[in-house]
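Survey of secondary and tertiary structure
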Amino acid sequence: MAAAVEGPELEAAAAAGDASEDADAGSRARPFLGGNRLSLDLYPGGCQRLLHLCVQQPLQLLQVEFLRLSTHEDPQLLEATLAQLPQSLSCLRSLVLKGGQHRDTLGACLRGALTTLPAGLSGLAHLAHLDLSFNSLETLPACVLRMRDLGALLLSHNCLSELPEALGALPALTFLAVTHNRLQTLPPALGALSTLQRLDLSQNLLDTLPPEIGGLGSLLELNLASNRLQSLPASLAGLRSLRLLVLHSNLLASVPAGLARLPLLTRLDLRDNQLRDLPPELLDAPFVRLQGNPLGEASPDVPSSPVAALIPEMPRLFLTSDLDSFPVTPRGCSVTLACGVRLQFPAGATATPITIRYRLLLPEPGLVPLGPHDALLSHVLELQPHGVAFRQDVGLWLLFTPPRARRCREVVVRTRNDNSWGDLETHLEEEAPQRLWAHCQAPHFSWFLVVSRPVSNACLVPPEGTLLCSSGHPGVKVIFPPGATEEPRRVSMQVVRMAGRELQALLGEPEAAVSPLLCLSQSGPPSFLRPVTVQLPLPSGITGLSLDRSRLHLLYWAPPAVTWDDITAQVVLELTHLYARFQVTHFSWYWLWYTTKNCVGGLARKAWERLRLHRVNLIALQRRRDPEQVLLQCLPRNKVDAALRRLLERYRGPEPSDTVEMFEGEEFFAAFERGIDVDADRPDCVEGRICFVFYSHLKNVKEVYVTTTLDREAQAVRGQVSFYRGTVPVQVPEEAEAARQRKGADALWMATLPIKLPRLRSSEEPRRRAGLSLAPLNLGDAETGFLTQSNLLSVAGRLGPDWPTVALHLGVSYRELQRIRHEFRDDLDGQIRHMLFSWAERQAGQPGAVGLLVQALEQSDRQDVAEEVRAVLELGCRKYQDGIRRTGLAPKDPALPGSSAPQPPEPAQA
């Protein structure tokens, strides 16, 4: 979440994070002291540094008003340091004593060692802002209750099980945050905080609220999300100043009718409760969010009427792979698709019955919108009809395998709305250690995919100004002054790190260093009315006291430009001990470099490309029992060994190619050469070349059946498969010409691996020819897709020793299986073809036969063959649709996003 602070807290929050240099460089603590700000939370030993300053008593120390100190310290040293504050920093206005700077192996923030505060801290007479988040407090320290000028108290991520009654005696408190604790009850005295404006009690164990809470007459925002509340006191209707009330993820069965009469309420979040009835004023109010409630359903314990007792629970549908649509009624339903997708339609989501269609699409560049540092984690799910607006958001769960590197990255569901793509608020749910659900609320139906991206922090910038901080890199901040915008606008930031050793290897300069790469974006006008201050950490290992300013470069990149521009001479760089600050009026990409090189812009482009490149290997393996079946795969270098250990039981072939570098979403193709050709009509085959798109977290694997026109009875055919970058050109170059293009930095050729088709024994050829004399057969129908005799032969040629498992899943009896084995003993190909074609003949004219075959292949762990069958069906269905379009018998289908074909207007949203 973005750290956004508005109004009077802006100055305290911005200043408390700054670290300025002092004129006296001899002291090891002085560089963190400047003006009225002191920041000691970024490096270990903060307590020692502060004690050192207290002993020296420099004049600047008496002027400090803002102090930040990490609580990841020795508890005794921390207590001794805090005891010095009333005497040494008597003017202190803001005190931040936070943990959370350290993380565990899963990336979660660790709590600090703070369990209490010295009693003497109540002597900080001017203290207005106290942040004790991410600590180990079990009770609120008594000294806090005597801080009469305290305006903001932050206690989130502690171990508090209760709040003291005396908390109600703080006369100046305007902001109280106690999220992620263990609160079970609230003191009635809380209602005496007459000046309180914002109260956040989310993520606790509260099951009731005291009626006195209605006495908070100045309260503007109240957040009670993710508790155990079953009811609300009627006194909440007395909060006449309330504008925001968040109650999602509780156990509420009803809410007070008086909430509908709060005059200033602009948002009421009641999602994911047990609400079955609601006052009419709230039910139709545009500011109320109700998703995830069983509105209109009868209570499971006491039916509201005899008729209601007869209403069954929400239907649950489990769709097999041969179905591509399902009905939804106003009662709602829960749907599980065979492709690893779940949908939850709440009751009342649609006013009339509607048929939902879906399909899972293979990703391709025109369909998958990725940012420069994004990674695709799933295939593309299309839900139709497009643009339909539901009365309540539909729950959507997409299954994916989590990426290994998750620090400073997040997983989101990306969707297309109108003509643009956007990311939905996404929650992750674990199904198994290596399988996660990405859960979101779908406001409309369109295309959906799961993406891993750098953590994005965002906030709404009001005319009063605000502060935006990076949650993954605390030193990265953007400060918006008052008057920067006339209307509120949404801004976001992403931060990407680059390893120092990679940069040093690229430049050949051991002392070269860079800051994190910062990307800023916004909505609304391109420029701000007043300059916005951006703070970046200095490059790693560089401090404000030791750097040579002639080697420091501020680089700027605005898409779609090719190179980075050095704008150091165009801005004023303000340097502190740890940070560089500069002002901008519009947003783009910014990067600090420290190097002796000239022409830094060109080097930055190469470094940025290096950040986005994946080191991969290409493999080509042939099935041991069927050499005509070739597996082609592109794998990240760290996954190759594990993949080969799994594959070499059934496949054999040459060593993987040398390591090559590829971008996420880069297209390439495989070309069989020297007498070997692809033996199938496939939608991914162009001019005999197999097309790929590289996605680092997907399998990037295809299995093809190859053939040759050369005489295999005389000798084995020694061919090869070559991999080339880009799409298949209109004029495919001859093999000799392609070989000449293999050298050079911009060469399209990546690798060549040998393929060998062994010499045929004289007894094999008659058997193969006999196998081709089977009666003509089409399985399926032309409209939904069919498999021809050639297609079935291709499937038979790929099953190998897995055919008995597939046969059993197709419903072939074990006795028939034994008979086929005996009749075609010593002839594996004959066994497979006889089983498959005899089953297909029995299925002639039966609906769902092709779907049954696909399901049997999947259940037999032959997903590769199942995917090729789907591709053949899609190709056949496409040809059929093209044919009836040419005859004018059907309208043209809508084009996919990113295609050049014109799209008919989608249904308008309700």
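Residues numbered from 1 in each chain as written. Predicted model: local features only at pLDDT ≥ 70, side-chain atom pairs only at ≥ 80, totals over all residues. Heavy atoms only, no water.

This part covers the overall build of the chain. Assigned secondary structure in the chain consists of 17 helices and 51 strands. Per-residue burial for the chain yields a buried fraction of 49% across its 910 residues. A separation of at least 24 residues holds for 61% of the contacts in the chain among residues at least 6 apart in sequence. On the chain, roughly 42,400 Å² of surface is accessible, and the fraction owed to carbon and sulfur atoms is 51%. (Helix = DSSP H or I, 4+ residues; strand = E, 2+ residues; numbered from the N terminus. Buried < 20%, exposed > 50% of the residue type's maximum accessible area, 1.4 Å probe, protein only. Contact = heavy atoms within 4.5 Å. Areas by Shrake-Rupley, 256 points an atom, 1.4 Å probe, with all protein chains shown as cover.)

As a further point, take the sheet that holds strand S43 (residues 667-673). With antiparallel pairing, the five strands of this open sheet are ordered in space as S45-S46-S43-S48-S49. Two strands in the sheet have a free side with no partner beyond their single neighbour: strand S45 (685-686) and strand S49 (749-757). Sheet analysis places S45 next to strand S46 (residues 689-693), joined by two bridges and oriented antiparallel. Bridging from a neighbouring strand, Cys685 pairs with Ile690 of S46. (Pairing = 2+ DSSP bridges.)

Attention shifts here to the pattern of salt bridges. One pass over the full model with this rule turns up 21 salt bridges. A salt bridge links Arg359 to Glu382; its shortest N-O distance comes to 2.5 Å. Taken as a pair, Arg359 in strand S18 (residues 354-361) and Glu382 in strand S20 (residues 380-384) lie far apart in primary sequence, 23 residues in all. Of the charged contacts, one joins Arg551 and Glu509 as a salt bridge, the two residues approaching to 3.4 Å between their closest N and O atoms. (Salt bridge = Lys/Arg side-chain N within 4 Å of Asp/Glu carboxyl O.)

Looking at the element boundaries, Thr788 is found in the loop between strand S51 (785-787) and helix H12 (789-799). Overall, Thr788 belongs to the partly exposed group, its relative accessible area being 23%. Separated by 84 residues in the primary sequence, Thr788 and Val872 have C-alpha atoms spaced 9.9 Å apart.

Now for the UniProt feature "active site" (unreviewed entry) in the chain. As annotated by UniProt and renumbered to match this structure, "active site" (unreviewed entry) occupies His444, Ser446, His586 and Ser588. Relative to the helices and strands, His586 is located in the loop between strand S37 (579-584) and strand S38 (589-594). Judged by relative accessible area, which is 33%, His586 ranks as partly exposed. Beyond its immediate stretch of four places on either side in the chain, His586 contacts Pro526, Ser527 and Tyr556. At 3.2 Å, the side chain of His586 forms a polar contact with the side chain of Tyr556. (UniProt positions renumbered as here; feature names shortened; annotations may be inferred. Polar contact = N/O pair within 3.5 Å; in protein donor to acceptor, adjacent residues only side chain to side chain.)

This brings us to unusual backbone geometry. Here the amide bond leading from Gln384 into Pro385 is cis, since omega sits at 5°, within 30 degrees of zero. Going from Pro559 to Pro560, the amide bond is cis rather than trans, its omega being 5°. For Gln203, which is not a glycine, the phi torsion comes out positive at approximately 60°. If you trace the backbone, Gln203 turns up in the loop between strand S9 (198-200) and strand S10 (221-223). Overall, Gln203 belongs to the partly exposed group, its relative accessible area being 37%. The backbone of Ser249 shows a phi angle near 60°, a positive value even though the residue is not glycine. Within the fold, Ser249 resides in the loop between strand S11 (244-246) and strand S12 (267-269).

It is at 10 Å that the axes of helix H2 (residues 46-56) and helix H3 (residues 75-83) come closest, and there the two elements cross at 30°. Regarding H2 and H3, the two cross each other, and that crossing is left-handed. Contacts from Cys47, Gln48, Leu50 and Leu51 in H2 reach Leu77, Leu78, Ala80 and Thr81 in H3. Residues of the contact of H2 with H3, tallied by class, amount to six nonpolar, two polar and no charged. (Axes fitted to C-alpha atoms, helices over the stretch in contact; angles between N-to-C directions. Left-handed = near helix turned anticlockwise from the far one by under 90°. Nonpolar A, V, L, I, M, F, W, Y, C, P; charged D, E, K, R; others polar.)

Counted under the stated rule, the structure contains 18 aromatic pairs. A centroid spacing of 5.0 Å and a plane angle of 50° characterise the contact between Phe528 and Phe587, whose relative ring orientation is tilted. Highlighted residues: Phe528 in the loop between strand S32 (517-522) and strand S33 (532-537) and Phe587 in the loop between S37 and S38, separated in sequence by 59 residues. Overall, Phe528 belongs to the buried group, its relative accessible area being 6%. Between Trp557 and Trp608, the ring centres sit 4.6 Å apart and the planes meet at 50°, which makes this aromatic pair tilted. Taken as a pair, Trp557 in strand S34 (residues 552-557) and Trp608 in helix H8 (residues 600-612) lie far apart in primary sequence, 51 residues in all. Of the two residues, Trp557 and Trp608, neither departs from the other in class, the shared state being buried. (Phe/Tyr/Trp six-rings, centres within 6.5 Å; stacked < 30°, edge-to-face > 60°.)

Turning our attention to the side chain of Asp131. The topology assignment puts Asp131 in strand S6 (residues 129-131). Here Asp131 sits buried without a salt bridge, and the closest side chain of opposite charge, Lys98, lies 4.1 Å off (N-O distance). Reaching out from Asp131, the side chain makes a polar contact with the side chain of Ser133 at a distance of 2.7 Å. Aside from chain neighbours lying at most four places away, what touches Asp131 is Leu95, Val96, Leu97, Lys98 and Leu154. (Lys, Arg positive; Asp, Glu negative; His and termini not counted.)

Attention shifts here to helix H16 (residues 849-859). Along H16, the positions that sit buried rather than exposed are Ala849, Val850, Gly851, Leu853, Val854, Ala856 and Leu857. Asp861 sits one or two positions beyond H16 and adopts a positive phi of about 65°.

With that settled, the discussion passes to the nonpolar core. Membership of the largest hydrophobic core comes to 76 residues, with the highest contact counts inside it found for Leu176 and Leu222. Going through the elements one at a time, strand S3 (37-40), H2, strand S4 (66-70), H3 and strand S5 (94-98) are the ones with two or more residues in this core. It is H2 that provides the largest number of residues to this core, a total of four residues. Those residues in contact with Leu176 that sit more than four places away from it in its chain are Leu153, Leu155, Leu167, Leu190, Leu196, Arg198, Leu199 and Asp200. In terms of nonpolar packing, the next biggest core, distinct from the first, is built from 33 residues, Val476, Phe480, Val571 and Val584 among them. (Core = buried A, V, L, I, M, F, W, Y, C linked by side-chain atoms within 4.5 Å.)

Turning our eyes to something else, we now look at helix H15 (residues 828-842). Between the first and last C-alpha of H15 there are 22 Å, a value that for 15 residues agrees with the 21 Å anticipated at 1.5 Å per step. For H15, the full list of buried residues reads Gly830, Gln831, Ile832, Arg833, Met835, Leu836, Phe837, Ser838, Trp839 and Ala840. (Expected span 1.5 Å × (residues − 1).)

Moving on: the packing of helix H7 (residues 500-507) against H8. Relative orientation of the contacting elements H7 and H8 amounts to 135°, with a least axis distance of 11 Å. In terms of orientation, H7 and H8 fall into the oblique class. Classified by chirality, the crossing of H8 by H7 is right-handed. Taken together, the residues of H8 that come into contact with H7 (itself represented by Glu502, Leu503, Leu506 and Leu507) are Leu603, Lys606, Ala607 and Arg610. When the residues that make up the contact of H7 with H8 are grouped by side-chain class, the tally is five nonpolar, no polar and three charged. (Parallel < 35°, antiparallel > 145°, perpendicular 65-115°, else oblique.)

There is a patch of like positive charges on the surface, built from Arg624, Arg652, Arg718 and Lys756. Mapping Lys756 onto the fold places it in strand S49. (Patch = residues over 30% accessible without salt bridge, like charges linked within 9 Å, V, L, I, M, F, W, Y side chains within 5 Å. Charge placed at Lys NZ, Arg CZ, Asp CG, Glu CD.)

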